[in-house]
Amino acid sequence: TGSDFGIWSPDQKSVSKHKIAARATSVSWTSDGQLLAIGQFDGCVSVRQKDGVEKVLIRRAGGSPVWSVHFNPATEEGDDVLSVGCWDGTLSFYQLNGMQVGDDRVLRFDPCSVSYFGGGDYVIVGGTDKTTRLCSKEGTVLTTVCERGSWVWCARARPGHNAIAVGSEDGS
């Protein structure tokens with residue numbers, strides 16, 4: 001809803017609800033399932049423990065909606081890195097302590113979908129420019145994967161394969 005979110009697991013009889021400051025726009029679990037990042041319409045990202053307790057609140061300057069969040073599944077660098085697609089036309093990366101990794105990457109379009117590919121070596125970004133792009137895990141655009149007739153709302157890699165599924169605003 002606009003003011004809370006719920007977490008359910010098979011060992012619970014009901015959904016446990018928790019308050020948030022703004023509407024949730026996206027969520028992503030760490031690869032170990034212990035932390036949940038919630039991208040919010042007010043430009044913040046709330047990182048929660050699996051019991052719903054907030055661990056870190058990332059406040060992005062400007063307050064533009066955070067439309068997509070995704071944790072890198074590769075943790076060999078010792079810490080989970082969270083990619084954040086914000087509707088100020090940027091792609092950013094954060095550590096679990098809320099510290100930003102590098103500078104914002106200016107995309108020149110609003111990212112609607114951010115996800116990892118290739119075991120975490122690459123980031124797939126789809127958005128309002130009607131394209132899906134392959135970026136390095138640091139956010140450097142490498143190539144355009146496809147162009148659609150309308151906004152790309154979702155782009156996800158098929159696990160263990162060299163394939164990407166893309167969903168567009170026009171239903172294709």
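In what follows, the structure referred to is the one given above.
About the thresholds
- Residues numbered from 1 in each chain as written.
- Predicted model: local features only at pLDDT ≥ 70, side-chain atom pairs only at ≥ 80, totals over all residues.
- Heavy atoms only, no water.
- Phe/Tyr/Trp six-rings, centres within 6.5 Å; stacked < 30°, edge-to-face > 60°.
- Helix = DSSP H or I, 4+ residues; strand = E, 2+ residues; numbered from the N terminus.
- Buried < 20%, exposed > 50% of the residue type's maximum accessible area, 1.4 Å probe, protein only.
- Pairing = 2+ DSSP bridges.
- Axes fitted to C-alpha atoms, helices over the stretch in contact; angles between N-to-C directions.
- Core = buried A, V, L, I, M, F, W, Y, C linked by side-chain atoms within 4.5 Å.
- Contact = heavy atoms within 4.5 Å.

With that out of the way, let us pick up the packing of aromatic side chains. Scanning the model with the defined rule gives 6 aromatic pairs in all. Aromatic pair Trp67 and Trp153: ring centres 6.3 Å apart, planes at 45°, arrangement tilted. Of this pair, Trp67 sits in strand 7 (residues 66–71) while Trp153 sits in strand 15 (residues 152–157); the two residues are 86 residues apart in sequence, bridging distant segments of the chain. We classify Trp153 as partly exposed; its relative accessible area is 32%. Look at Trp151 and Trp153: their rings are 5.4 Å apart centre to centre, the planes differ by 55°, and that puts the pair in the tilted class. The exposure class assigned to Trp151 is partly exposed, which follows from its relative accessible area of 27%. Among the aromatic residues, ring-to-ring pairing joins Phe41, Trp67, Trp87, Trp151 and Trp153 into one connected group.

A few words on the sheet that holds strand 13 (residues 131–136). Read from one edge to the other, the open sheet built from 4 strands follows the order 11-12-13-14, with strand pairing classed as antiparallel. A single partner strand is all that each edge strand has here, and the edge strands are strand 11 (111–117) and strand 14 (141–147). Each strand axis lies, on average, 25° off the axis of its neighbour in the sheet, ignoring direction. Of the strand pairs in this sheet, strand 13 and strand 14 are connected by 5 bridges, and their pairing is antiparallel. When the bridges of strand 14 are listed, Cys135 appears paired with Val141.

What follows deals with the sheet that holds strand 4 (residues 35–40). Adjacent strands of a sheet pair through backbone hydrogen bonds, lying either parallel or antiparallel. Spatially, 4 strands are ordered 3-4-5-6 in an open sheet, and the strand pairing comes out antiparallel. Two strands close off the open sheet at either side, each with one partner strand: strand 3 (24–29) and strand 6 (54–59). Direction aside, the axes of adjacent strands within the sheet are offset by 20° on average. Where strand 4 and strand 5 (residues 44–49) come together, 5 bridges link them in antiparallel fashion. When the bridges of strand 5 are listed, Leu35 appears paired with Gln49.

This part is about the nonpolar core. The biggest cluster of nonpolar side chains holds 14 residues, and the ones touching the most others in it are Ala37, Val45, Val47, Val66, Val69, Leu82 and Val84. If you list the elements that add at least two residues to this core, you get strand 4, strand 5, strand 6, strand 7 and strand 8 (81–86). Setting aside its immediate chain neighbours within four residues, Val45 contacts Ala37, Ile38, Val56, Leu57, Ile58, Val66, Val69, Leu82 and Val84. Among the nonpolar cores identified, the runner-up in size contains 10 residues, and Leu107, Tyr116, Val123 and Val125 belong to it.

By secondary structure assignment, the location of Thr128 is in the loop between strand 12 (122–127) and strand 13. In the structure, Thr128 is positioned 120 residues away from Trp8 in sequence and 32 Å away in space, judged by C-alpha atoms. Apart from residues no more than four positions distant in its own chain, Thr128 is found in contact with Phe109, Asp110, Cys112 and Trp151.

Positive phi, close to 70°, is recorded for Arg108, a residue that is not glycine. Looking at the secondary structure, you find Arg108 in the loop between strand 10 (105–106) and strand 11. A positive phi is found at Lys130, a non-glycine position, where the angle reads about 70°. Structurally, Lys130 can be placed in the loop between strand 12 and strand 13.

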